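Residue-level structure breakdown
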Amino acid sequence: MGWMRKIRICLISSVAVALIVLAVAFTLLRTLLPYATGYITEIEKGISDQIGLPVSIGSLDADMHRFTPRLKVLDLVIYKEDGREKLFTLTEANFSLAYLESIRFMMPMVGNISLHGAELFIERHPNGKWVIQGFEIYERESSKDSEELIELILSADIALIDSRVHWRDFTGGSRNMDFEGASVLLENYRGTQLLEIDVGLPADLGDRFRLVAELDGDLRDFANVEAKIHVSGSGLVFNNWVSTTRIKEFVRGSGKLDTIVWVHINKASITRFSAGINATDLVLANVEDPDKTWSADRLQTNIFWRALNQGWRLDVRDLLLQKDGVLWNEVADIVVANDETDWRVLASYLKPADFVPLIEVLPEVVDVSAFSSYLGHVPVGEFVNFEAIFTEGENPDLQLNTGFSDLDLNLAEQGISIKGLDGELLIDSNKSELLFESSDVIVNAGKLFRWPLQMDSISGKVAIELEDDGLKLESPALYVKNQHVETVTRAFIEISSDKQVYLDLHSNYANGIGTYAYRYIPTPVLSEGVVDWLDNAFIDGYVPAGSFIFRGTANEYPFEDNQGVMQALFDVKDGQLHFLDGWPD
């Protein structure tokens, strides 16, 4: 037999004998512990020294947990420092053996402590008073109880297992709640406190809620404490959380969501924040005006926020939104940054009109006054590679560059709207430029035409300038085609604050069908009699080529003092003209 095999057999035999001896010893220990009442006083003292509070024990037991011996203390009562008021009454408490410390000090040392079946009471009273497990503390002043509670948090290492947490609110701000199956872990290491709470929620609030907080610093000076907080919840019923908590002071709503939140707080200020949100059937409403609402069938995203030297930055990643039964065509990444007076927005994909109602839902503490005058002009449509910079102040400024599709522009005061545009948009302060390459577009040109203009295709560039409550539009060449006609137009339009409309138009036409000429009559610049005649004049015909020129203030037409020009020239084939009733066509 080789020497390696002998060593292996020897080691296996030694381990087997040790395990057998340990098992026998542990069995004897467990058998004798319930009768070892003489040691209860010593164990009580040891536990008291470990947690820093007086205790009393009903009986003892023992077991093995992950190859570690544990002392089980049954019917354990933990008292406050005075030794009279009960802090916890526990059905069971487990004290495990700390191997390394025991070897180091050559005597049994207690490792982890877990307490089972605790009843934890948290009460909120008027005037900033809180009662936590009998400790009275106040939000704006120190007290003997608050000092004792802080000392307990700073010194104790305790785990509450399978406990119940009772929330009582005597201010009327929220309802009373009981949380079953709660686990509370409190650990201390070199000035850092770790607090972990995991509770089952009442059925009408959700499934589970978990909070983990790492506190670094002196809790007596909380303004200088560094805190890292992690909160998660699953199956949360939003409307019940709103109605039963102080959330209702900021927003109302309904829906169901799963969320994970991580917050970093330093010197009482939030420096970083991140969250994962998955919400369904979400509805938010303004606290003051419940008619102002925002809804989403589904909202899924990851949010990252951090404070900067002069402002903040918000990253919204992997945003998936379904609203009014319509799912966004792309998953979006959005960045919003604020630098005192500057706002910057970057987005891979965006439908801004979907978020306009959300701005009106926000509570008053969120100041959006800088945007209020722009909300009515937010276009409907999809934006890609969106980049915008907005500067607040006496002379607000907007710089914007984006591609778009299915864009709907609406200038309600001028009665102008365009639907279904594809192209690019550039905004430089009060000047804008639209580059079109679109199909299936509908244009409402105010009162200029009686029917919307339906365009099979449109391409070209249009410049828009807003100033002094007026509007200017200019296009060097705008190509339009539909089933009735093909045109290329050079245009300059100016609408003043007093509703005076100056037009400088030069259009060339081709492939026109005379039967539909009445749809393109600019009625505001013509008299009623001329409009009536034109409506019935062109019965049939084909226009291979033609042109139209109008230069002057439309309100002054028909230019009796020669202050303007209107000219129409057409080549007509197979035309049929109705001049007057009773006259031959």
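**Some thoughts on the overall build of the protein**
Assigned secondary structure in the protein consists of seven helices and 31 strands. The 585 residues of the protein split such that 37% are buried. Counting only contacts in the protein whose residues sit at least 6 apart along the sequence, the fraction spanning at least 24 positions is 47%. A total accessible area of about 33,700 Å² is found for the protein, and carbon and sulfur atoms account for 56% of it.

**Re unusual backbone geometry**
Look at aspartate 281: it is not a glycine, yet its phi comes out positive at around 50 degrees. Tracing the sequence through the fold places aspartate 281 in strand 15 (residues 269–285). Positive phi is not limited to glycine here, since asparagine 385 has a value of about 50 degrees.

**Concerning the environment of histidine 506**
With respect to the secondary-structure elements, histidine 506 resides in strand 28 (residues 501–510). Of the residues examined, histidine 506 reaches a relative accessible area of 30% and is grouped as partly exposed. Along the sequence, histidine 506 and isoleucine 549 sit 43 residues apart, while their C-alpha atoms lie 4.7 Å from each other. When neighbours within four sequence positions are excluded, histidine 506 is seen to be in contact with Val488, Thr489, Arg490, Ser547, Phe548 and Ile549.

**Digging into the pattern of salt bridges**
In the structure shown here, the tally under the stated rule is ten salt bridges. The shortest N-O distance in the salt bridge between arginine 317 and aspartate 315 comes to 4.0 Å. Assessed through its relative accessible area of 6%, aspartate 315 is described here as buried. A salt bridge links arginine 551 to aspartate 504; the nearest nitrogen and oxygen atoms lie 3.4 Å apart. Within this pair, whereas arginine 551 is found in strand 30 (residues 538–553), its partner aspartate 504 is found in strand 28, the two being separated by 47 residues in sequence. Salt bridges linked by common partners bring Arg313, Asp315 and Arg317 together as one network.

**Some points on the nonpolar core**
Burial of nonpolar side chains together is a common tendency in soluble globular proteins. One finds Leu76, Ile78, Phe88, Leu115, Ile334 and Leu421 to be the most contacted residues of the largest nonpolar core, which totals 92 residues. With sequence-adjacent residues up to four places away left out, leucine 115 is seen in contact with Leu76, Ile78, Leu90, Glu92, Ala93, Ile158, Ala159, Leu160, Ile161 and Ser163.

**Re the packing of aromatic side chains**
Throughout the structure, instances matching the rule amount to ten aromatic pairs. Arranged with centres 5.9 Å apart and planes meeting at 45 degrees, the rings of tyrosine 509 and phenylalanine 570 form a pair that is tilted. Taken together, the residues span a long stretch of sequence, with tyrosine 509 in strand 28 and phenylalanine 570 in strand 31 (residues 565–577) at a distance of 61 residues. Of the residues examined, phenylalanine 570 reaches a relative accessible area of 43% and is grouped as partly exposed. One aromatic cluster is present, built from ring pairs that chain together Trp294, Trp328, Tyr349 and Phe355. Above the ring of phenylalanine 304, the side-chain terminus of arginine 317 is found at 4.6 Å from the ring centroid.

**Quick word on the pairing of strand 26 (residues 470–481)**
Direction of pairing for strand 25 (residues 453–467) relative to strand 26: antiparallel, over a ladder of nine bridges. When the bridges of strand 26 are listed, glycine 460 appears paired with leucine 478. The pairing of strand 26 with strand 27 (residues 486–495) spans nine bridges and is classified as antiparallel. Bridged to leucine 471 within strand 27 is isoleucine 495. Where strand 26 hands over to strand 27, the hairpin turn is made up of four residues, counted between the paired strands.

**Notes on helix 7 (residues 528–537)**
By the burial criterion, the buried members of helix 7 are Val531, Leu534 and Ala537. With its buried residues spanning 130 degrees around the axis, helix 7 presents them on a single face. Considering only its buried residues, helix 7 is in contact with strand 30 and strand 31.

**Points about the side chain of serine 547**
Relative to the helices and strands, serine 547 resides in strand 30. By relative accessible area, which is 13% here, serine 547 ends up buried. Ignoring any residue separated from it by four or fewer positions in sequence, one finds serine 547 in contact with His506, Ser507, Asn508, Tyr509, Gln567, Ala568, Leu569 and Phe570.

**Section: a nonpolar patch on the surface**
On the surface, Trp533, Phe538, Leu577, Phe579, Leu580 and Trp583 cluster together into a nonpolar patch covering about 570 Å² of accessible area. Structurally, the position occupied by leucine 580 is in the segment after strand 31.

**A short note on the environment of glutamine 133**
Secondary-structure assignment places glutamine 133 in the loop between strand 7 (129–132) and strand 8 (135–138). Judged by its relative accessible area of 10%, glutamine 133 falls in the buried class. Residues glutamine 133 and glutamate 123, spaced ten residues apart in sequence, show a C-alpha to C-alpha distance of 8.4 Å.

**Some thoughts on the confidence of the model for the protein**
A low pLDDT score tells you not to read the predicted coordinates there in detail. Per-residue confidence for the protein gives a mean pLDDT of 79, with 80% of residues at or over 70. Predicted confidence for residues 28–37 stays below pLDDT 50, and this span has eight contacts to residues more than four positions away or in other chains.

**Description of the pairing of strand 23 (residues 416–428)**
Pairing of strand 22 (residues 397–411) with strand 23, which is carried by eleven bridges, proceeds in the antiparallel orientation. By the bridge assignment, leucine 411 is partnered in strand 23 with isoleucine 416. From the end of strand 22 to the start of strand 23, which pair antiparallel, there are four residues, and glycine 415 there has a positive phi angle of about 70 degrees. Pairing between strand 23 and strand 24 (residues 431–445): ten bridges, direction antiparallel. Bridging from a neighbouring strand, isoleucine 418 pairs with valine 443 of strand 24. Between strand 23 and strand 24, which follow one another and run antiparallel, lie two residues, and serine 429 among them has a positive phi close to 60 degrees.

**Things to note about the environment of leucine 282**
Examined against the element boundaries, leucine 282 turns out to sit in strand 15. Leucine 282 gets classed as buried once you look at its relative accessible area, which sits at 10%. In this structure, the C-alpha to C-alpha distance between leucine 282 and glycine 255, residues 27 residues apart in sequence, is 4.2 Å. Leaving out residues up to four positions away in the same chain, leucine 282 has contacts with Phe238, Ser254, Gly255, Trp294, Ser295, Ala296 and Leu299.

Definitions and limits used
- Residues numbered from 1 in each chain as written.
- Predicted model: local features only at pLDDT ≥ 70, side-chain atom pairs only at ≥ 80, totals over all residues.
- Heavy atoms only, no water.
- Helix = DSSP H or I, 4+ residues; strand = E, 2+ residues; numbered from the N terminus.
- Buried < 20%, exposed > 50% of the residue type's maximum accessible area, 1.4 Å probe, protein only.
- Contact = heavy atoms within 4.5 Å.
- Areas by Shrake-Rupley, 256 points an atom, 1.4 Å probe, with all protein chains shown as cover.
- Salt bridge = Lys/Arg side-chain N within 4 Å of Asp/Glu carboxyl O.
- Core = buried A, V, L, I, M, F, W, Y, C linked by side-chain atoms within 4.5 Å.
- Phe/Tyr/Trp six-rings, centres within 6.5 Å; stacked < 30°, edge-to-face > 60°.
- Lys NZ or Arg CZ within 6 Å of the ring centre and 35° of its normal.
- Pairing = 2+ DSSP bridges.
- Arc of directions from axis to C-beta.
- Patch = residues over 30% accessible without salt bridge, like charges linked within 9 Å, V, L, I, M, F, W, Y side chains within 5 Å.
- pLDDT = per-residue confidence, 0-100.

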